[in-house]
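Topology and contacts: notes
These are the residues of each chain, in order.
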Amino acid sequence: MPGVGGPTDDERKVIAIHGFDPASLDYEWPFDEPALPLTTGLEILLVEIEGENPGGDDWALGQVASNLDQRGFFPKNYTVAPAEYKAMVAEGQVEENSKDGSDPGTGSYVEGSRVVAFYDFDPSAMGEWPFEDHPPLQLETGHMLELLPFDSDLASDWALGRLVGQLDKSGLFPRNYVGTLKQYEAMLQEDENPKEGASELAPKVVALYAFDPS
């Protein structure tokens, strides 16, 4: 909570109008704080820096509004104030994404979206990994992931992504093992207050091949 006289969360909030992938930088990261990946529509709370800002006029320090543990530097001109973002969306200058990472029109996840693992995924339980082009990505419930481009016939069942904050850990995982942060929080709430007669979540299984009974 901001101190007396300090800026409120609404006053600190900015919204990303461009994606930012720290892995695309071709130079050594210059700051002690990590880089903060951005996706369009992501809401960020600016963090005040005591003394001189090491990022100068080009970089800002912030944390993801929906997950304050995600914090780091990002390009300042990749974000705007909420009012300006709404105006840009209305004028078609940026394509609106929901603040939890899903496409607001379809509910599907788009490249650059952030999702959360609902279930553990242990690829070793599958035996021999069937895909040559991409390695598997082991998941633990609660892992935050960023989706990567994946143009494949398998895209309806599998997603390509990497762990947020661990850019060297990427690979394929079952698409139905993840969802938005809002969905994850709702699932946790249901687990804490199960409906009468409801059973525990059944374990997921993954289809490797299409099956046509006809």
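Quick look at the structure, then. (Residues numbered from 1 in each chain as written. Predicted model: local features only at pLDDT ≥ 70, side-chain atom pairs only at ≥ 80, totals over all residues. Heavy atoms only, no water.)

Observations regarding the overall build of the protein
A tally of regular secondary structure across the protein gives three helices and ten strands. When the helices and strands of the protein are listed from N to C terminus, the series reads α-β-β-β-β-β-α-β-β-β-β-β-α. Sequence separation of at least 24 residues holds for 56% of the intrachain contacts in the protein that already meet a minimum separation of 6. Carbon and sulfur atoms make up 48% of the accessible area of the protein, which amounts to about 13400 Å² in all. (Helix = DSSP H or I, 4+ residues; strand = E, 2+ residues; numbered from the N terminus. Contact = heavy atoms within 4.5 Å. Areas by Shrake-Rupley, 256 points an atom, 1.4 Å probe, with all protein chains shown as cover.)

Focus: the environment of leucine 139
Take leucine 139: it is sitting in the loop between β6 (114-117) and β7 (144-147). For the pair leucine 139 and proline 123, spaced 16 residues apart in sequence, the C-alpha separation works out to 8.9 Å. Residues contacting leucine 139, with those up to four places away along its chain left out, are Ala117, Tyr119, Asp120, Phe121, Leu145, Phe173, Tyr177 and Val178.

Some remarks on the sheet that holds strand β1 (residues 13-16)
Note: strands within a sheet are paired through backbone hydrogen bonds, in either parallel or antiparallel orientation. Overall, antiparallel pairing links the five strands, which are arranged β4-β3-β2-β1-β5 in an open sheet. A single partner strand is all that each edge strand has here, and the edge strands are β4 (67-75) and β5 (79-80). Sitting on the sheet, helix α2 (residues 82-90) is in contact with β1 and β5, with an inclination near 30° to β1. (Pairing = 2+ DSSP bridges. Axes fitted to C-alpha atoms, helices over the stretch in contact; angles between N-to-C directions.)

Things to note about the sheet that holds β6
Strand order across the open sheet formed by five strands is β9-β8-β7-β6-β10, with antiparallel pairing between neighbours. Every interior strand has two partners, whereas the edge strands, β9 (166-174) and β10 (178-179), have only one. Relative to β6, helix α3 (residues 181-192) is tilted by about 25°, and along the sheet it contacts β6, β7 and β10.

Observations regarding the nonpolar core
Within the largest apolar cluster, 25 residues are counted, with the highest numbers of intra-cluster contacts made by Phe121, Leu139, Leu145, Trp158, Leu172 and Phe173. Where this core is concerned, the elements lending two or more residues are β6, β7, β8 (158-163), β9 and α3. Considering each element in turn, this core owes the most residues, four residues, to β8. Residues Trp59, Leu61, Val64 and Phe74 belong to the second largest nonpolar core, which totals 15 residues. (Core = buried A, V, L, I, M, F, W, Y, C linked by side-chain atoms within 4.5 Å. Buried < 20%, exposed > 50% of the residue type's maximum accessible area, 1.4 Å probe, protein only.)

Section: the side chain of glutamate 43
By secondary structure assignment, the location of glutamate 43 is in strand β2 (residues 43-46). Judged by relative accessible area, glutamate 43 falls into the buried class, the value being 16%. In this structure the side chain of glutamate 43 is engaged in a polar contact, spanning 3.5 Å, whose partner is the side chain of lysine 13. (Polar contact = N/O pair within 3.5 Å; in protein donor to acceptor, adjacent residues only side chain to side chain.)

Quick word on the pairing of β1
Of the pairings in the sheet, the one linking β1 to β2 comprises three bridges and is antiparallel in character. Bridging from a neighbouring strand, isoleucine 15 pairs with glutamate 43 of β2.

What to know about the pattern of salt bridges
A full pass over the atoms with the stated rule returns three salt bridges. A salt bridge links glutamate 43 to lysine 13; its shortest N-O distance comes to 3.5 Å. One end of the pair, glutamate 43, is in strand β2; the other, lysine 13, is in strand β1, and 30 residues separate them in sequence. Its salt-bridge partner being arginine 162, residue glutamate 146 comes within 3.7 Å of it at the nearest N-O pair. Taken together, the residues glutamate 146 in strand β7 and arginine 162 in strand β8 connect sequence positions 16 residues apart. (Salt bridge = Lys/Arg side-chain N within 4 Å of Asp/Glu carboxyl O.)

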